[in-house]
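# Remarks on the overall topology
Letter by letter, the chains look like this.
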Amino acid sequence: MPRLRYGQGCQLWAATMLALLVGAMCDEPFIDRLVPCNAPTQGGSLVTLIGNSFGADAKGLSIRVGGNMCTETVLVSQHKAICEVPPGLGDDHKVVLSALQGTSMISSASGPLAKFSYDAPTVQTVDPGNGPCVGGTQVTVQGSNFGVSQSNPHPEVTIGGRNCLQSVWESNSKIKCVVPPGLGIGNVVVFLQGLHSQSGFDTIYEYDGPKVSGLRPDHGPTAGGSHITLFGENFGPQNSHPTAVIGYTPCQSTSWTSDSSVACELPQGSGILHRVGITVIGSSSKPEGAPYFSYDAPVVTSARPANAPPTDSVTITMFGQNFGSSGLSELKAFVGATQCLQSKWVNPTSVECSTPAGTGNGLALTVMIGSSAPRRIKSGQGEASFGYDAPIVRTVSPTLSPTSGGLLMTIQGDNFGAGSPPFECSVGGTPCSSSRHESNTIARCGIPAGVGTHRIVVVTVDGQHSEASVEAVELNRYQAELDYEPPSVHSVIPSAGKPEGGSMVTVSGSNFGTDKEKVSMSIGQTQCRVLHVAETSISALAPAGEGRHPLHVVVGGQSDAGKNQVNYAFDGPSLTSVSPANGPTIGGTVSTIFGTNLGAPEAQISIRIDGIPCLSHAWVSETSITCTVPPGTGGSLSVTAEFDGTVQARSPPGHGFTYDAPRIESVDPSSGPLNGGDSVMILGRNFGMADSQPLLFIGNTKCASSRWVSDAEAVCQAPKASRNEVVPVRMSVDGLMSSDSVSYYYGTGSAPPGHSSSNGPQPTSAPAPELQPQIFSLAPDHAPPRGGQEVTIIGSNFEQGQPTQGPEASLGDEGCARTRFVSTTAIACLVPEGVGGGKEPIIRMPNGQVAAAGSGVRFSYDEPLVLSVRPSSGSLMGGEQVTISGRHFGSPEHHAEAFIGRTKCMASTWIDRSSISCLTPKGDGTQLPVQVSVGGQRGHTRSTRFSFVGRVIDSVSPDHAPAQGNTKIDLGIRTMVRGDFLVVSVGGQRCISSGFNSDTDIWCTVPAGVGKDLDINVVADEFTWRSFGSFSYNAPLVRDVSPSFGPAIGGIPVTVMGQNFGNADYDPTVKIGQSSCQSTFFQSDSSLLCMVPAGGGSSKSVSVEVGGQSGMLSNLFDFEVPTVVSVDPSTATAAGGVLITIHGDGFGAADTHPVAFVGPHKCDTTSWVSDHIVTCVVPTTMDTFHKIPVQVDVCNQSSIMASQNALFEYTDAEWQEPPGQGYRNAPQRPHGTFYLTVAYSLAAAFAVATVLIGKFIFAKSETRPSAPSLYTGYSMDHHRADGSADNPHSRQGLFSRIKSKVSGAVFGNRDGTSVDYSVIAAVEMDGDEDTLDSQELRQIV
């Protein structure tokens, strides 16, 4: 009951007293009050009426509540009655009591407290308690006092103050309501007959929060300002002023369009894969399932300035777009692959870069934005490029060099860089023998061999060639030039020849070079024919002539004129023979030299044998001179005669003088033990002089040592033998070998019959002549790497050849520095500088025969020998410099490498031939041998050892684990000392946990990581134990990709699924086929995101490389089949040569090298323009084709035809191909154009009919499940004629999808939609789905 104010209470008391007074006076019934005065709406409650004059007859008593008769009435007394309340609704109902007084029914009056009210409705539950903002959801309101049917209730229900679209009463406790449109949370209130329910926690209805499911477009510029549309639901039935966000940044403005779409004005930003969200009246969309938005990658289009010095940093401004905003947490600019020293954001279209030191031209300028790998974006290469200033050469020193080169030239200039990029110097286009960078302004060049003057010196740094300095240009000269010394002629042999010419002459001198094409020689004004050129000699054929003339040589435009005057005479002296042509090695033989024009008695004559003057000589006549032969050795030695110091003659080949071969007459002792070692005296003659160094053999084995005593005596230390036998004793002097007439017996007791220790009269059989040259041995068979030592190659049937073309010897691949013919059984080789062993000696004879050695005859350079190492111990962590001393370490170009144990040192540096330095590697162990490897020879050491100092881990088990880590490994340590402090690290990362198993064993739970051959460190108190390269994480494993197909142009994200990718971004690399993804983003240990590169083909492998390990799975990815839509122009004559433009899709990128065909013929040239356009120069044909298809192959994947506009026609049948020309290798086909036309027409008609039938019978669509990737799938987009879109993830049925590929928009769909883009990923028929790869698609089409 409501409380009454004081005045109202007085008025009520007065009215009550008045009513009682009237009732008493009139004796009428009067109701004073009701107890209780309210009850539930369903009735049945008992209410007591209190008043006066209710009568005495209960039969005449009736009570009504609001006009409705009480169900039951009971008269208690004149002042009290009871009523069972009928069902009803509402409040303040009048209660009337009628009583029989006499014969009349008298109705009661009532006081103000005699009013009755039904209970107000109460809401207890609302089901469902939520629904979409557009309303229309039917909810059930449960509660009480909603009335009964007799009351004819008409309740009204409101949600958040808005009437339900429809309210239907079902019972006293249930009402159904159709929810009106709305937002947020609203109270559910039931209104009934002026009464309403109260609000409470259980009476709330919540409208669903907003949900974003799509957006278009999904990318935009970093400067913002463009508009994107968000699609979803529950954006509100009317403009509720929603706020859209990109990542965490609100849109500049958000415009409500409908409950399912809003427009967002893009804010400034950067990065990729930002979640898109929306907030409506405090309710925000959830990130799960929300689409991603990516800001466009930065693109650099120009730079100013576009070049800079290599070492001095300058500030350049990069211009472009999508450089983000000033609030970026990280912005990096790059010149080529090198990051700028400082990168500064200026505005969304410009960035400043402090250039790093570098070299090269045409370097890409890129900008990277982002603070972490998954969010960073790197610009693609735009049109802008940058170049460091080209090197400038100012001066060189020296400026003059012999033609053999070899001098070290200093080059001064600028912009030579810091020394790390490719660096090369050249002289006149010939690379220097060695190029060394000293600084940005100085370089060193080993001058190469060459000839001529004004040879320009060029420095090339990272592909950029030097230019002339400004000073040189202004002075009209180039200061960086080198002149080679002009040739100098010293002598010519012979100095005279026959008048008809053809005589071979040898010119000696210097600076002739080695290029015969750059050398010319003349006698007088007549040119000679040059046969061979070396630095110090020229072999040529003299021309015809008469008289005496100067001889001149021109090399590279430089002449010897004005220097030494050398003349050549026609009809000069010549030598023809020598008799006798042989004699003993002690000399004294008087031989007569025969010839022509041998001068007169008064001439000054000099006769030499192999360059040694005769002991005496005498002129006999113009045709003969006598010579007392000097001591010597050797065979086929040339005889030369010089007249008056200028004119010379030489004996012809094969007609010189030969010293007698050594002859062994006896040996003492003539026998010895098998183990050798006896000194054997060998007596005979022609053993030569003291410097002849005779070689002695017992059998085929060289004596352990040989000693020359005299021309008739030598001593040999007998070598070892393997069995009792008689073997010949032989001697080789200067290539001449003695006969086998004297023998030596190995063994004890009497010598077997036939053994002779002296050269007596017993008959001996001469060995059969060997026609094929052979090599038997080398003396010696080794030499130091510096070369310069002469080695004698011993064998048989060697040929001397001509003076200008003698035998050529080589040791392995290296030719001898000089080859000297000694005799038919010996050739001397001057060993070149080199390294290595097992080099086979080879002699190439002038007649083309090759003398090769047997498997046991090899030459080796002396192996490197290590004598000491300082220091001899170091930390097992390595990195300490040691100096290794020894012998035979070669030259710098031989790249000597040092080893400690089996591990190669770091940074081995050659010091000289006897020492190198290096940095010790990480390792363990003591007394490890130190070795040096040169040219593949791992040398030996004389007890030189190195020891690592430190404690080591003895065992690791297991030695591998998944990249996610959390694997327990055990480490065995024999010298372990327990301590209070224990730290274990694997690959530099601390273990998750570690502890002691025992005194010699600890355990460690490895952290997550990647890589192989990682080090393990254990620190216990102040001690450290290590193990190097003993642990590896499992290699990455590729399981699947999604989506598994993409466009040829690339650029779409693909999720690579597998394991062991790492738990953080370790800079993984994903490859599709052989091409690396444009970008690779780490997502998790089992997922990577790859921006697909441009490509083509099907069944491509996908590989992942991380931490130096890789994993691959084949047949995972297919590129879209290229499609040809139209050709313009579509006709040409059979002569071809017309440029046509081919439009379509899936042509890839420039580096995919598409190839176009017109019918069966390959285009003359195919040029890629874009993913949608290629151009083709029409090939020539001998046929006239009508409506032949144009095809584009991308990475061996052939295109399909999408419309009749992709057909081409040759129109000129009369053209004939030019005689003698092939038909461009085109396949041979029948020449009947009529039959070809009919065939192509029938094929086209069949394809169209198939498509039309399939279109009307089999076309269907089905919702495509979302791919498990951030990228929702490469699916079809269908659009109705009015512009509205179907489900973006729907796809067509088999024939409809094939029609989309073959016919495109020519046929369209039944419902008026057109197919904008299509990728066929599956075949659907009768609910079954089977994969359809590109090969099957081609077969169907």
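Going along each chain's sequence as written, the residues are numbered from 1 onward. Confidence filtering applies because this is a predicted model: local features only for residues at pLDDT of at least 70, side-chain atom pairs given and counted only at 80 or more, and all residues used for totals across whole chains, interfaces and linings. The basis for every side-chain value is the complete set of heavy atoms in the structure, and neither hydrogens nor water enter the calculation.

### Description of the overall build of the chain
Counted only if it meets this: Starting at the N terminus, helices and strands are each numbered in turn, a helix being any DSSP run of H or I of at least four residues and a strand any DSSP run of E of at least two. Using a 1.4 Å probe on the protein chains alone, a residue whose accessible area is under 20% of its type maximum counts as buried, one over 50% counts as exposed, and one in between counts as partly exposed. Contacts were defined at the residue level, with two residues in contact if any of their heavy atoms lie within 4.5 Å.
Of regular secondary structure, the chain possesses five helices and 139 strands. Across the 1341 residues of the chain, 45% fall into the buried class. For the chain, the share of sequence-separated contacts (at least 6 apart) that also reach a separation of at least 24 residues comes to 62%.

### Some words on the state of the cysteines
This is how it is decided: Only a pair of cysteine sulfur atoms within 2.5 Å qualifies as a disulfide here.
Applying the stated criterion across every chain yields a total of eleven disulfides. Each disulfide pairs two cysteine sulfurs, and for Cys164 the partner residue is Cys177, the sulfurs being separated by 1.8 Å. Looking along the S-S bond of the Cys164-Cys177 disulfide, the torsion reads about -85 degrees, which is the left-handed sense. With Cys164 in the loop between strand 16 (162–163) and strand 17 (166–171) and Cys177 in strand 18 (residues 174–178), the pair connects residues that are 13 residues apart, well separated along the chain. With its sulfur 1.9 Å from that of its partner, Cys703 forms a disulfide with Cys716. On the sign convention where negative is left-handed, the bridge of Cys703 and Cys716, at about -95 degrees about the S-S bond, is left-handed. Remark: Cys716 occurs in strand 79 (residues 713–717) and Cys703 occurs in the loop between strand 77 (701–702) and strand 78 (705–710); sequence separation between them is 13 residues. Neither residue differs from the other here; Cys703 and Cys716 are each classed as buried.

### Some remarks on the pattern of salt bridges
Operational definition: Between Lys or Arg on one side and Asp or Glu on the other, a salt bridge is scored when a side-chain nitrogen of the former is within 4 Å of a carboxyl oxygen of the latter.
Enumeration according to the criterion identifies twelve salt bridges in this entry. Where Glu665 meets Arg663, a salt bridge forms, and the shortest distance between an N and an O atom there is 4.0 Å. A relative accessible area of 29% means that Glu665 is categorised as partly exposed. Looking at Arg663, the relative accessible area reads 35%, which means it is partly exposed. Put simply, Glu790 and Arg818 hold a salt bridge, and the shortest N to O gap is 3.7 Å. Here the residue Glu790 occupies a position in strand 85 (residues 790–796), and Arg818 occupies one in strand 88 (residues 818–823), the gap between them amounting to 28 residues.

### Details of the sheet that holds strand 59 (residues 537–541)
For clarity, the threshold we go by: Pairing between two strands is assigned when DSSP locates at least 2 bridges connecting them. The axes used here are C-alpha line fits, helices contributing only the stretch in contact, and every angle between their N-to-C directions lies in the interval 0 to 180 degrees.
Pairing within the open sheet is antiparallel, and its four strands lie in the order 53-55-59-58. Edge positions in the sheet fall to strand 53 (488–493) and strand 58 (529–534), since each of these pairs with one other strand and no more. Ignoring strand direction, the axes of neighbouring strands in this sheet form an average angle of 25 degrees. Relative to strand 55 (residues 504–510), strand 53 is paired through five bridges, and the arrangement is antiparallel. Bridge assignment links Val489 to a residue of strand 55, and that residue is Gly509.

### As for the packing of aromatic side chains
Convention followed: Two rings from Phe, Tyr or Trp (for Trp, the six-membered ring) form a pair when their centres sit within 6.5 Å of each other. Planes less than 30 degrees apart are called stacked, planes more than 60 degrees apart edge-to-face, and all others tilted. Two limits define a charge over a ring: the Lys NZ or Arg CZ must be within 6 Å of the ring centre, and within 35 degrees of the ring normal.
Tallied over the entire structure, the rule returns twelve aromatic pairs. Ring centres of Phe1031 and Tyr1033 lie 5.3 Å apart, and the angle between their planes is 90 degrees; on these two criteria the pair is classed as edge-to-face. For Phe1031, a relative accessible area of 0% translates into the label buried. The class of Tyr1033 is buried, set by a relative accessible area of 2%. Taking the centre distance of 5.5 Å and the plane angle of 85 degrees together, the rings of Phe1208 and Tyr1210 count as edge-to-face. Summarising the burial analysis for this pair, Phe1208 and Tyr1210 share the class buried. The lysine or arginine in question, Arg938, covers the ring of Phe899, its NZ or CZ lying 3.7 Å from the ring centre. Over the ring of Trp1025 we find Arg951, and its NZ or CZ is 5.8 Å from the ring centre.

### Topic: the sheet that holds strand 85
Spatial strand order, 83-85-89-88: four strands in an open sheet with antiparallel pairing. Strands at the two margins of the open sheet, each flanked by one partner only, are strand 83 (774–779) and strand 88. Looking at each pair of strands side by side, their axes are set apart by 25 degrees on average, direction ignored. Note: strand 88 against strand 89 (residues 826–830), five bridges, orientation antiparallel. When the bridges of strand 89 are listed, Thr819 appears paired with Cys829.

### Concerning empty space enclosed by the protein
Rolled over the atoms, a probe as big as a water molecule pinpoints where empty space is left. Here is the rule we go by: Think of a 1 Å grid over the protein atoms and nothing else: a 1.4 Å probe that fits but is trapped marks a cavity, an open set flanked by protein within 12 Å on at least five of seven lines marks a pocket, and residues with an atom within 4 Å of a point count as lining. Grid points are joined across faces, edges and corners, and a volume is the space filled by probe spheres set on the points. Ten residue types, Ala, Val, Leu, Ile, Met, Phe, Trp, Tyr, Cys and Pro, are classed as nonpolar, four, Asp, Glu, Lys and Arg, as charged, and the remainder, Gly among them, as polar.
The full count for this structure, using the stated rule, is one cavity of 30 Å³ or more. By volume, the largest cavity is sized at about 40 Å³. Together, Leu34, Val47, Leu49, Val65, Cys83, Val85, Val95 and Phe116 line the largest cavity. For the lining of the largest cavity, a count of residues per class yields eight nonpolar, no polar and no charged.

### Concerning the side chain of Thr355
Topologically, Thr355 is positioned in the loop between strand 38 (350–354) and strand 39 (363–369). Residue contacts for Thr355: discarding those within four places in its chain leaves Ala308, Asp312, Ser313, Val314, Ile316, Leu341 and Phe386.

### Overview of a nonpolar patch on the surface
The criterion, for reference: Exposure above 30% relative accessible area and no salt bridge define the residues that can form patches, which grow by joining like charges within 9 Å and nonpolar side chains of Val, Leu, Ile, Met, Phe, Trp and Tyr within 5 Å. The Shrake-Rupley method, run with a 1.4 Å probe, gives the accessible areas here. Residue values count only the displayed protein chains as cover.
Taken together, the side chains of Ile185, Phe201 and Ile204 define a hydrophobic patch exposed on the protein surface, amounting to about 350 Å² of accessible area. Mapping Ile185 onto the fold places it in strand 19 (residues 185–192).

### Looking at the pairing of strand 59
Both strand 55 and strand 59 contribute to a ladder of five bridges, which runs antiparallel. When the bridges of strand 59 are listed, Thr506 appears paired with Ser539. In this sheet, strand 59 lies alongside strand 58 in antiparallel orientation, the contact comprising five bridges. By the bridge assignment, Val530 is partnered in strand 59 with Ala540. The hairpin formed by strand 58 and strand 59 contains two residues between the paired strands.

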